Amino acid sequence: MRNSLANASIKEVVNYDTSVAEFLSSLGAGGQHGSMGFREFLSGLDHDFLNDVGMDREQIWNYVNQLMSRVDSLKAQGNSRLSTLTIIGGRDKKGNREDVEITLRTGEIVCVVGPTGSGKSRLLADIECLAQGDTPTGRYVLTDSEKPQYRQRFNTDKKLVAQISQNMNFVVDLTVNEFVSMHARSRMAENVDGIVSRIICCANELTGEKFGPDTSVTQLSGGQSRALMIADTALLSSSPVILIDEIENAGVDRKKALELLVKKEKIVLISTHDPLLAFMGKRRLVIKNGGISDIIESSPREQYNLSVLEKLDFRLMDIRRRLRSGERIEEALTVTWD
Amino acid sequence: MKLITVAGSPSVGKTSVIVKAVEQLINEGIRIGIVKFDSLSSMDNEIYKKLGLPVLLGLSGNLCPDHYFVSNIEECFNWGKGNKLDMLITESAGLCNRCSPYIRDVLGVCVVDNLAGVNTPRKIGPMLKLADVVAITKGDIVSQAEREVFSFNVGIANPNAEIINVNGITGQGAGELAFYFKKAGEVLSVEGKKIRFTMPSAVCPYCVGETIIDRDYHRGNARKIVI
């Protein structure tokens, strides 16, 4: 079809994809032109009109052609598959060698710890752009043990890293249903309604306060927003690597959320100092002075401590729940560590 | 000398992303100069000066910034050559979404921000549609889903562009922008080159100082709303 744009009718071009149809309708072209040739339609547009559109005939022609290839490639690509990601050390801020090589696998949770300014963002940036010794850290990042191809490094449609952080918000003024549908369409999902209801259902499992499809995304509480972001990222995002930056406990079941992401074969990196989250990763990367200074395997002792902290957390959450429902908390609380 | 034109609506973060990309290039020993085009005033030249870069500030005043840009780009280019720069970056604010400051065969970079709303990419004219590289900023404060929908819409508005996400605060993504800066072709002269699309036209009496609201004063390129 694209090769024959020269002979295509308006009808054929419009039927190619909704994005093409929308553009053509902005030029005033649509069904009413039926079998009129695209080329013929273009030559009929007058100078003033083209000036308002902001493109000349040749630019419109090229644009439609490129838009069609983009639609083709978006439809063809699906999700990026990735089994491992290998980070090979470079140097820290002082120029000292960063003597590490670490391989992350899908379904794995890895924590990143270190004070603000220690270089956590840099590490993420290196992963995101698949550094090849050409970033300030001098690190190399390999996908499935191989050097990434140029196109893979700079292909926006295949962003490697999806990010969810505490200070991210929904800014778009749409309902949950409208917004998630819009995201699904942009991902060229086949069954938009199906995936949208799965995401909303899944988000509701992650949050204590339920919400419906007709709620406006800007009105969601912090916990609900986070839950929706996680469910949407797990089920719709094309990125195989997810970075979670300090997610608060309030209103979202983080354990379930992480299980969901792991089940969806994501590599999950959590930047946190919350012990509950930090112990959920089998490994922790310690960042100092811009370099990975240590890789800590979480010990059985830490895992035991996690179970103690989880109990404590459960009690706190329960008190929250009771407060929310208007109860008094007057019983004598005691803290025991086992 | 390489020439790069960067454009974007006010406050999208043009200066921040340029600074982050340029910091990496300076470390590689590349000599960079900046021309900042603005309309009324700008403090951004101070930010560039702090980096130790040669800076020119051009204020268009009551002229359309695009027209001002195109009437001054030759002089600016020669200024850059005179300063023996390896790379000259021009930064200009697109005020009407219709701006088109890009020159054929000169790298054109458009900066847009996620906060503008997911449908905005479709509303921006040649400034976005004809850019070679689109840098999307402020991704750190909107949801992952909105970032994805936004870049999808940028891709629909300009399927030809390389789209990158840049965080102007942490510098995440600036390395990729620097990569495209370096890939820009060498420009020997801008004399005789053509801009990619006609600039917004401005030839009505109000362009030349008319202030009275009255039908009788409408001449030239006056257009009426369809009611």
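Residues numbered from 1 in each chain as written. Chains lettered and ligands numbered in written order. Predicted model: local features only at pLDDT ≥ 70, side-chain atom pairs only at ≥ 80, totals over all residues.

## Observations regarding the overall build of chain B
From N to C terminus, chain B includes six helices and seven strands. Sequence-ordered secondary structure for chain B, helices as α and strands as β, is β-α-β-α-β-α-β-β-α-β-α-β-α. The C-alpha atoms of chain B give 18 Å as radius of gyration, which agrees with the globular expectation for 227 residues (17 Å, within 12%). For the C-alpha atoms alone, the extent of chain B along its principal axes is close to 60 × 45 × 30 Å. Within the span of chain B, comprising 227 residues, buried residues form 54% of the whole. The long-range fraction of contacts in chain B, counting pairs at least 24 apart against all pairs at least 6 apart in sequence, stands at 73%. (Helix = DSSP H or I, 4+ residues; strand = E, 2+ residues; numbered from the N terminus. Rg over C-alpha atoms; globule rule 2.2 N^0.38 Å. Buried ≥ 20, exposed ≤ 12 C-beta atoms within 10 Å, placed from the backbone. Contact = placed C-beta atoms within 7 Å.)

## So, the overall build of chain A
Along the backbone of chain A there are 13 helices and nine strands. Dimensions along the principal axes, computed over C-alpha positions, put chain A at roughly 80 × 55 × 30 Å. Every one of the 338 residues in chain A was classed for burial, and the buried ones make up 36%. Summarising the internal contacts of chain A: among those between residues at least 6 apart in sequence, 67% fall at separations of at least 24.

## What about the interface of chain A and chain B?
It is common to give the size of an interface as the accessible area lost on bringing the parts into contact. Listed per partner, the contact involves 34 residues of chain A and 34 residues of chain B. Breaking the side of chain A that touches chain B down by element, the ones donating at least two residues are helix H5 (57-77), helix H6 (120-128), strand S5 (161-165), helix H8 (176-186) and helix H10 (222-236) of chain A. Its residues assigned to classes, the side of chain A that touches chain B comprises 15 nonpolar, 16 polar and three charged. (Nonpolar A, V, L, I, M, F, W, Y, C, P; charged D, E, K, R; others polar.)

## Structural notes on the nonpolar core
Counting 144 residues, the largest nonpolar core has Ala131, Val134 and Ala135 of chain B as the members making the most contacts within it. For this core, the domains that each give at least three residues are domain 1 (2-77) and domain 2 (84-298) of chain A. (Core = buried A, V, L, I, M, F, W, Y, C linked by C-beta atoms within 7 Å. Domains from an automatic or database assignment.)

## Here we look at the sheet that holds strand S4 (residues 140-143) of chain A
All names here are of chain A. Taken in spatial order, the three strands of this open sheet run S2-S1-S4, and their pairing is antiparallel. Pairing within the sheet leaves two strands with one partner each, and these edge strands are strand S2 (101-105) and S4. Averaged over all pairs of adjacent strands, the angle between their axes in this sheet comes to 15 degrees, without regard to strand direction. With four bridges joining them, strand S1 (residues 84-88) and S4 adopt antiparallel strand pairing. If you follow Thr86 over to S4, its bridge partner there is Leu142. (Pairing = 2+ DSSP bridges. Axes fitted to C-alpha atoms, helices over the stretch in contact; angles between N-to-C directions.)

## Some details on the sheet that holds S5 of chain A
All names here are of chain A. Here six strands make up an open sheet; going across it, the order is S5-S6-S7-S3-S8-S9 and the pairing mixed. Edge strands, defined here as strands with exactly one partner in the open sheet, are S5 and strand S9 (291-297). Going from strand to strand, the sheet's axes swing by 20 degrees on average, the running direction of each strand aside. Direction of pairing for strand S6 (residues 241-245) relative to strand S7 (residues 267-271): parallel, over a ladder of five bridges. For Asp245, the partnering residue across the bridge sits in S7 and is Ser271. Across the face of the sheet, H6 comes into contact with strand S3 (109-113), S5, S6, S7 and strand S8 (283-288) while running at roughly 150 degrees to S5. On the sheet, helix H11 (residues 254-263) packs against S3, S6 and S7 and is oriented at approximately 145 degrees with respect to S7.

## Focus: the domain arrangement of chain A
Domain boundaries in chain A define domain 1 (2-77), domain 2 (84-298) and domain 3 (300-338). Taking the mean C-alpha position of each, domain 1 of chain A and domain 3 of chain A sit 61 Å from one another.

## A short note on the UniProt feature "domain: CobW/HypB/UreG nucleotide-binding" (unreviewed entry) in chain B
Under the UniProt annotation, "domain: CobW/HypB/UreG nucleotide-binding" (unreviewed entry) lies at residues 4-164 of chain B. Measuring from the first to the last C-alpha atom of residues 4-164 of chain B gives 16 Å, for a span that is 35% helix and 24% strand. (UniProt positions renumbered as here; feature names shortened; annotations may be inferred.)

## Let's talk about the pairing of strand S1 (residues 2-8) of chain B
Residues and elements named next belong to chain B. The buried count for S1 comes to seven of seven residues, which makes it a mostly enclosed element. The alternating pattern of S1 places Lys2, Ile4, Val6 and Gly8 and Leu3, Thr5 and Ala7 on opposite faces, both of which are buried. Pairing of S1 with strand S4 (residues 87-93), which is carried by seven bridges, proceeds in the parallel orientation. Pairing of Gly8 across the sheet is with Ala93, part of S4. Taken together, the four bridges between S1 and strand S5 (residues 107-113) define a ladder with parallel strand orientation. Looking across to S5, one finds that Ala7 is bridged to Cys110.

## A few points about helix H3 (residues 65-82) of chain B
All names here are of chain B. Here H3 is 18 residues long and its end C-alpha atoms lie 24 Å apart, about the 26 Å a rise of 1.5 Å per residue gives. Maximal helix bending in H3 amounts to about 50 degrees, located at Asn72. Residues of H3 that are buried sit in contact with S1, strand S2 (32-38), strand S3 (55-59) and S4. (Expected span 1.5 Å × (residues − 1). Bend = angle between axes of the 7 residues up to and from the residue.)

## Let's talk about the environment of Ala93 of chain B
Residues and elements named next belong to chain B. Take Ala93: it is sitting in strand S4. What makes Ala93 buried here is the crowd of 22 C-beta atoms within 10 Å. Spatially, the C-alpha atom of Ala93 lies 16 Å from that of Val133, the residues being 40 residues apart in sequence. Apart from the residues within four sequence positions on either side, Ala93 is in contact with Ser9, Pro10, Asp38, Ser39 and Pro65.

## Some thoughts on unusual backbone geometry
Positive phi, normally seen in glycine, also occurs at Asn289 of chain A, with a value near 50 degrees. By the secondary structure assignment, Asn289 of chain A is in the loop between S8 and S9. A count of 15 C-beta atoms within 10 Å places Asn289 of chain A in the partly exposed class. Residue Ser11 of chain B is not a glycine yet carries a positive backbone phi of 65 degrees.

## Describing the packing of H8 of chain A against H10 of chain A
A pair of packed helices is captured by two measures, namely the crossing angle of their axes and the spacing between those axes. Residues and elements named next belong to chain A. Interaxial distance between H8 and H10 falls to 11 Å at its minimum, and their mutual angle equals 25 degrees. One finds that H8 runs roughly parallel with respect to H10. Where H8 crosses over H10, the two elements pack in a sense that is right-handed. Between H8 and H10, the contacting residues are Val176, Val180, His183 and Ala184 on the first element and Leu228, Asp232 and Leu236 on the second. (Parallel < 35°, antiparallel > 145°, perpendicular 65-115°, else oblique. Left-handed = near helix turned anticlockwise from the far one by under 90°.)

## Let's talk about the environment of His33 of chain A
All names here are of chain A. Relative to the elements of secondary structure, His33 occurs in the loop between helix H2 (18-26) and helix H3 (38-43). Assessed through the 19 C-beta atoms surrounding it within 10 Å, His33 is described here as partly exposed. Along the primary structure His33 and Ser298 are separated by 265 residues, whereas in three dimensions their C-alpha atoms are 66 Å apart. In contact with His33, not counting residues within four places along its chain, are Ile10 and Phe41.

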